[in-house]
Amino acid sequence: MAETMKKDVILSVRDLRVSFRAYGGLVQAVRGVSFDLYRGETLAIVGESGSGKSVSIKAVMGILANNAIIESGEILYDGKDLTKVKEEDFHEIRGHRIGLIFQDPLSALNPIMKIGKQITEVLRLKKGVSKAEAKEKALELMRVVGIPDVEQRFEQYPFQFSGGMRQRIVIAIALAGDPEILICDEPTTALDVTVQAKILEQINQIKKDRNLSVIFITHDLGVVANMADRVNVMYAGKIVETGTSEEIFFEPAHPYTWALLSSMPDLQTKDRLNAIPGTPPNMIFPPKGDAFAPRNACALKIDHEKEPPMFKITETHAAATWLLHPMAADSHVEMPASLKARIERMKRSGGLNG
Amino acid sequence: MFKYILSRIGAMLLTLFLIMSLSFMVVRLMPMSLFENPETDPEIQRKLEDKYHLNDTIPVQYFYFMKDIITDLNFGISVKIRPGLDVFGILVSRLPPTILINFISLFISIPLGLIFGTIAALNRNTWIDHVISVLVIIFISVPSFIFGSVLQYTLTFALPIFPTLYDSQAVTFAQKMHSLCLPIVALSLNPTATITRYLRGELIENISSEYLLLARTKGLTKAQAIVRHAFRNSLIPISNTLIGMITGIMGGSLVIEKMFAIPGEGGLLVKSIFAGDHFLTVAVLIFYSAVSLVTILIVDLSYGIIDPRVRVGGGKA
């Protein structure tokens, strides 16, 4: 897959900086994020709450809150810079070119509008499709996302649907506009685990059938392993490590990625789970140097003083940590032994998707 | 749903019964006899007292009072204001002006409130919103008769555009409306402000809701999303405030009618209380209660029709 996706960049985010005006000052939520989305791939953006992942994609969708400022950077899509598109014109892109699946399906649907109408609405209003045709298409979409008894469900209201069913409807709504990019913002966080797996499978299937490019936002590394071709790890408004799924899971280079992987529960690990100590930094006053350094037990002296640049490891893999600097070779900081053992186990048991 | 309607109507009738009993009792406790005119022939007075069982014990009087109302809508006769006339007839004859000003106020204030509420919500925290909010607070907290006096002073005395009092000689509808303008305006301010305030709050909440964001991310323009999703959803809780508004307008019209000398039910109630025309007082009280109860019933039922969460779930009720 890696060879085909090389060529065609469909969405490109360049040095995006987003801040929010707040009472204490400017909250620098996103501090220079760059990434490319290739046609047909799934790109995961992983990070803790507040790492800036949702803000980045809200900037892509043009739905940032009113107190947000895009300070610099560009979002290139289809020859346009989306940061410069006016609000009046943005509705041509939302839904029709880029679709979004929400985190919380329970509050994302209008509680007093029939499910069917919520799906057909955009077809009727924006594509000028006839009523019967729109209904036909909506029913088909509902079947695609795995809803039984579509004819009857079409006439029902959101409160008659379970959480998983509502998320399927949200997906159907996102697909109604025939987008080529689908952004999933933690689509399964609000759902229970059994439903989660089904929804993810559905998204994967739809992605394949419709040749979609997917950006998948999550804090759940378990989900990433099943979904993503490439992974960006975000911390404190920056991408700290980027690579293919294999690279991130088997050869993580950034201490933050180590910490994330170590804090992920699995069935084999018998010892205590390593939670990451501390909390993410206050983004009104982002720390000097590596933002993760204060929470990092094996931080170097320079981590507290100077911000590390991205060090390239392979063509596809890069990480922002001084550990990769030639001069750090004699610091002997390595990934924790327990994580090493776990990665070995994963490799033996047959890779990521096994 | 049918069961629900029946239970609502049952509750309404029970409430009406309690109100009737209460007003019967309260009026019996008031001072002033029905017959104060020393020139009334004692013979006639005795006959009247007999006819209306006024010499019987209170429980017996109560029984006859209820029986007359339930069997033939007989509320008694007026003894002071329009001596000898049937109270129910007086009530009906006073109905048109009251209905006119109350309903016109309602129909003016609903659209105005919706417009101002929307403007305030869309321009949230700008000077437009602040101006509207300040006016809303004034109009909600100051009672309508104060505005009545202010309007009477400014627009009939200082700047004589409208007549001070209701023109009972008016023949055409236009003439009638001309003299009813001020009372209607005075009555409309409060409900307009109420709707504005509610709609502003509801709209702001709905505009920042997740489903509005979804409506926008699926490709609707901001205007389409707000009108089709936020506005529609805001109207449901608003429909509930109508109860308070209608009773509020009626309460205001009690005094306003008196101020502008409008021959309606409100003036009648005030007059009958002061004159000690007890049968009439009770009848007007019951009339007002019945109107309020019917309003509550209609709003309750329509709530079920507008809100699918009540309607569809209603099968269980």
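Described below are features of the structure shown in this document. (Residues numbered from 1 in each chain as written. Chains lettered and ligands numbered in written order. Predicted model: local features only at pLDDT ≥ 70, side-chain atom pairs only at ≥ 80, totals over all residues. Heavy atoms only, no water.)

Take the nonpolar core next. Residue and element names in this part refer to chain A. By size, the foremost hydrophobic cluster in this structure holds 76 residues, and its most contacted members are Leu11, Leu82, Ile119, Met142, Ile169, Ile183 and Ile215. With 9 residues, the top contributor of residues to this core is helix α8 (residues 163-176). Setting aside residues up to four positions removed in sequence, Ile215 forms contacts with Leu11, Phe35, Leu37, Leu43, Ile45, Ile57, Leu182, Ile183 and Cys184. If you look at the next biggest cluster of nonpolar residues, it comprises 33 residues, including Val46, Tyr256, Leu261 and Leu300. (Core = buried A, V, L, I, M, F, W, Y, C linked by side-chain atoms within 4.5 Å. Buried < 20%, exposed > 50% of the residue type's maximum accessible area, 1.4 Å probe, protein only. Helix = DSSP H or I, 4+ residues; strand = E, 2+ residues; numbered from the N terminus. Contact = heavy atoms within 4.5 Å.)

Our next topic: the pattern of salt bridges. Under the defined criterion, the tally for this structure stands at 24 salt bridges over all chains. The partner of Asp129 of chain B in a salt bridge is Arg200 of chain B, and the shortest N-O contact between them spans 2.8 Å. With Asp129 of chain B in helix α6 (residues 127-141) and Arg200 of chain B in helix α8 (residues 173-207), this residue pair connects regions lying 71 residues apart in the sequence. Its relative accessible area of 1% is what places Asp129 of chain B among the buried residues. Residue classification places Arg200 of chain B among the partly exposed positions, given a relative accessible area of 22%. The structure contains a network of salt bridges with shared partners spanning Asp8, Arg39, Asp78, Arg97 and Glu180 of chain A. (Salt bridge = Lys/Arg side-chain N within 4 Å of Asp/Glu carboxyl O.)

All right, on to the interface of chain A and chain B then. With 30 residues of chain A in contact, the opposing surface of chain B contributes 22 residues. For the pair chain A and chain B, the summed buried surface comes to about 2500 Å²; carbon and sulfur atoms form 61% of the total. Inspection of the chain A/chain B interface yields 3 salt bridges. Across the pair Glu121 of chain A and Arg228 of chain B runs a salt bridge whose closest N-O atoms are separated by 2.5 Å. Where chain A packs against chain B, one counts 11 residue pairs in polar contact (both at pLDDT 80 or more). Looking at the side of chain A that touches chain B, the elements that each hand over two or more residues are β6 (98-101), α4 (105-108), α5 (115-126) and α8 of chain A. Among the elements that take part in the side of chain A that touches chain B, α5 of chain A stands out by supplying 6 residues, more than any other. (Buried area = accessible area lost by both parts, 1.4 Å probe. Polar contact = N/O pair within 3.5 Å; in protein donor to acceptor, adjacent residues only side chain to side chain.)

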